[in-house]
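# Examining the three-dimensional arrangement
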Amino acid sequence: MPAAGEPRLGGPMAGPVKTEAVVLRSMRYGEADRILHVYTPHRGRISAIAKGVRRTRSRFGGRLEPFFRLRMDLHEGRGELLTVTGAQTVDAYPRLRGDARALDSAARACDAVGRLFETGEPHPGVFNLLCRHLGLLDEQVSGTGGPAGQPAATDGEPPDLPSTGSSASGRAGALAFRLKLLLAAGLAPQLGACAGCGEREHLVGFSGSAGGVVCGACEAASFPLEEEAYNFMTEALGRPLTEIPAAPGPALGQVERAISETLEHHAHLRLMSATARA
Ligand SMILES: [Zn+2]
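The sections below set out a description of the structure shown in this document. Note that the structure is a prediction, hence the values are computed from the model and not measured.

## Some words on the packing of helix 3 (residues 171–184) against helix 4 (residues 227–238)
In a packed pair of helices, the relevant descriptors are the angle between the two axes and the axis-to-axis distance. Running from N to C, helix 3 and helix 4 cross one another at 65°; their axes reach a closest spacing of 9 Å. By the criterion of interaxial angle, the relationship of helix 3 to helix 4 is roughly perpendicular. Where helix 3 crosses over helix 4, the handedness of that crossing is right-handed. Judged by residue contacts, Ala172, Leu175, Ala176, Leu179, Lys180 and Leu183 of helix 3 engage Phe232, Met233, Ala236 and Leu237 from helix 4.

What follows is the structure, given as structure tokens:
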């Protein structure tokens, strides 16, 4: 901690900071404090300390919990940690908190964002994507899974979501979200032609090291990619997050493997599996 009265070195970056943020992680610190990882539109991932937040009369209430979307006031000093001075709720996503599957999906989504975008580099699109995904998880927890007034599904995936029938908390929803994160990170797999030689026909496999689909001649170090998996990836990357493509389980397994191998080769990163059952 810098001594009081020492000059700041941070120049224009030091001082008060106002930003929207989603809480990715919230960890106990000391007797009454919390350390937060939050994701912001214009400053990427920030770490901040909230002092006295665990006292019952804290002015922050329960707002500094994971997945809250907040309007935050922070103070930036010379250290790595900013200090939280105020927080207003933009969206608490209250319904997802009562649903184990949605809660698990939200945790995996926040973990992926925090690890793939761990610096202060601004990615407003990633912030919006995360808010949209949390919003969908929240909307789809209501017992109906679909728009208000629609009958409840008896089991499995809700039947009447817009266009395809896959829910945001299912494996297809989680993988569509991850593909969009890859795109935002500049790691979108090459799908239009062989990543090894540019051939446009006879694309038979996926190679994480080559960075995309590969043809029969370049298939070393690749694994077979079925057409359904290929179509899922192109559709998920080309459509809004609300329109989650559908694909059978084995194809989704190939999509997840393609995402994992791309991240391992190009970002040296291993994420948690996209869903608990995978
Ligand atoms: Zn090739």
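## Comments concerning the packing of helix 1 (residues 100–116) against helix 2 (residues 124–139)
Closest axis-to-axis distance for the helix 1/helix 2 pair is 10 Å, and the angle between their directions is 175°. Between helix 1 and helix 2, the angle falls in the class roughly antiparallel. Contacts between helix 1 and helix 2 involve Ala102, Ser105, Ala106, Ala109, Cys110 and Val113 from the former and Val126, Leu130, His133, Leu134 and Leu137 from the latter. A per-class count over the contact of helix 1 with helix 2 returns nine nonpolar, two polar and no charged.

## Section: helix 1
With 17 residues, helix 1 extends 24 Å from end C-alpha to end C-alpha; this agrees with the ideal 24 Å at 1.5 Å per step. For helix 1, the secondary structure elements touched by its buried residues are strand 1 (15–29), strand 2 (33–40), strand 3 (44–50), helix 2, helix 3 and helix 5 (249–267). Measuring from the backbone nitrogen of arginine 101 back to the side-chain oxygen at the start of helix 1 gives 3.2 Å, which picks out aspartate 99 as the cap.

## Digging into the coordination of the zinc ion
As a benchmark, a tetrahedral metal site with four donors has ideal angles of 109.5 degrees, while an octahedral site with six donors has ideal angles of 90 or 180 degrees. Taken together, the protein ligands of the zinc ion are Cys194 (SG), Cys197 (SG), Cys215 (SG) and Cys218 (SG), with distances of 2.3 to 2.4 Å. Taken together, the four donor atoms coordinating the zinc ion span angles of 107 to 114° at the metal, a pattern that classifies the geometry as tetrahedral. All donors of the zinc ion come from a single chain, and their spacing in sequence reads C-x2-C-x17-C-x2-C. Residue classification places cysteine 194 among the buried positions, given a relative accessible area of 2%.

## Topic: helix 3
In a regular helix each residue adds 1.5 Å, so 14 residues correspond to 20 Å; helix 3 covers 20 Å between its end C-alpha atoms and thus fits that length. Taken together, the buried positions of helix 3 are occupied by Arg171, Ala172, Gly173, Ala174, Leu175, Ala176, Phe177, Arg178, Leu179, Lys180, Leu181 and Leu182. Next to the buried residues of helix 3 lie helix 1, helix 2, helix 4 and helix 5. Once helix 3 finishes, glycine 186 follows within two positions and takes phi at roughly 75°, a positive value.

Criteria and thresholds
- Residues numbered from 1 in each chain as written.
- Predicted model: local features only at pLDDT ≥ 70, side-chain atom pairs only at ≥ 80, totals over all residues.
- Heavy atoms only, no water.
- Axes fitted to C-alpha atoms, helices over the stretch in contact; angles between N-to-C directions.
- Helix = DSSP H or I, 4+ residues; strand = E, 2+ residues; numbered from the N terminus.
- Parallel < 35°, antiparallel > 145°, perpendicular 65-115°, else oblique.
- Left-handed = near helix turned anticlockwise from the far one by under 90°.
- Contact = heavy atoms within 4.5 Å.
- Nonpolar A, V, L, I, M, F, W, Y, C, P; charged D, E, K, R; others polar.
- Expected span 1.5 Å × (residues − 1).
- Polar contact = N/O pair within 3.5 Å; in protein donor to acceptor, adjacent residues only side chain to side chain.
- Donors = N, O, S within 2.8 Å, 3.2 Å for Na, K, Ca; no water.
- Tetrahedral: all angles 85-135°; square planar, octahedral: opposite > 155°, others 65-115°.
- Buried < 20%, exposed > 50% of the residue type's maximum accessible area, 1.4 Å probe, protein only.

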